[in-house]
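Chain by chain, the residues:
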Amino acid sequence: MHTLKYGDKSLIVYLLTDVCGRQSYMVPGLRSAQGRGSKAGLFQPMFTVEFEGLESPKMQMHRFKEVQSGQLLRSIPFDVRKSTVALFMAEVLYRLVKESEPNPMLFDFVWNSVGALDELQEGVANFHLWFLTKLSALLGFFPAGDYRTGDWFDIREGVYTQNCPPHNQYFTPDTARFFRDFTECDVRFLAEIGMNRHQRVEFLQSLLSYYAYHLDAIQSVRSIEILQEVF
């Protein structure tokens, strides 16, 4: 999810793990003369790893005993659109996921999302919108109720409604329709949700308002600006 330089040759890496939730590990000697610099390539935004860790009460931070690549990523490292989405996904998770306890549903969703993004041929420009929509369910504030054509979405109440809410925290009928579409869409068919650049930006802003109502930390995600430049 995130890396932080530590000293001249080491990194602190923040991971979402399957058995312990959010964890931080020290990676020493990345630029040492012993030739271990290749390890740095494992810790890029949303790259998956499999590892065996060393944990001890005497250690200030966990360390890796063995670490290797998880999924073989064929396109994310080489496609600027996908790497930008991966950067956004990583920062969102780093800012929002704080629990150091297992959350199998969240972990499986994130792991499978990385694989889906890597394999996706069409609809990449919609992937971050799909990811945020689906992630909201795992963070505890998925929309409730049924959608009807022309509905608004009330952010405060978390429901679709036929009437404009009596406050300014809502999705318009156009963005509410996209919200329903992403809620129901399989990731393989994202290209079928037709959106132009303006609609994509407008819907993302609505989603961020929805997140901000529940989680203030979304406002500190800096990669949003980069994302909007690419898409």
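Analysis parameters
Residues numbered from 1 in each chain as written. Predicted model: local features only at pLDDT ≥ 70, side-chain atom pairs only at ≥ 80, totals over all residues. Heavy atoms only, no water. Phe/Tyr/Trp six-rings, centres within 6.5 Å; stacked < 30°, edge-to-face > 60°. Helix = DSSP H or I, 4+ residues; strand = E, 2+ residues; numbered from the N terminus. Buried < 20%, exposed > 50% of the residue type's maximum accessible area, 1.4 Å probe, protein only. Lys NZ or Arg CZ within 6 Å of the ring centre and 35° of its normal.

### A word on the packing of aromatic side chains
The tally for this structure, following the rule as stated, stands at 24 aromatic pairs. When the ring of Phe109 is compared with that of Trp130, the centres are 5.7 Å apart and the planes differ by 40°; the resulting orientation is tilted. Within this pair, whereas Phe109 is found in helix α2 (residues 104-119), its partner Trp130 is found in helix α3 (residues 127-139), the two being separated by 21 residues in sequence. With a centroid separation of 5.3 Å and 80° between ring planes, the pair formed by Tyr147 and Tyr160 is classed as edge-to-face. Taken together, the residues span a long stretch of sequence, with Tyr147 in the loop between α3 and β6 (152-154) and Tyr160 in strand β7 (residues 159-161) at a distance of 13 residues. On the accessibility criterion, Tyr147 (16% relative accessible area) is buried. Within the aromatic cluster, the residues linked to one another by ring pairs are Phe141, Tyr147, Phe153, Tyr160, Phe171, Phe178, Phe179, Phe182, Phe203, Tyr210 and Tyr211. Over the face of the ring belonging to Tyr94 we find Lys98, whose NZ or CZ atom lies 5.5 Å from the ring centre. Positioned above the aromatic ring of Phe178 is the side chain of Arg177, whose terminal nitrogen or guanidinium carbon lies 4.6 Å from the ring centre.

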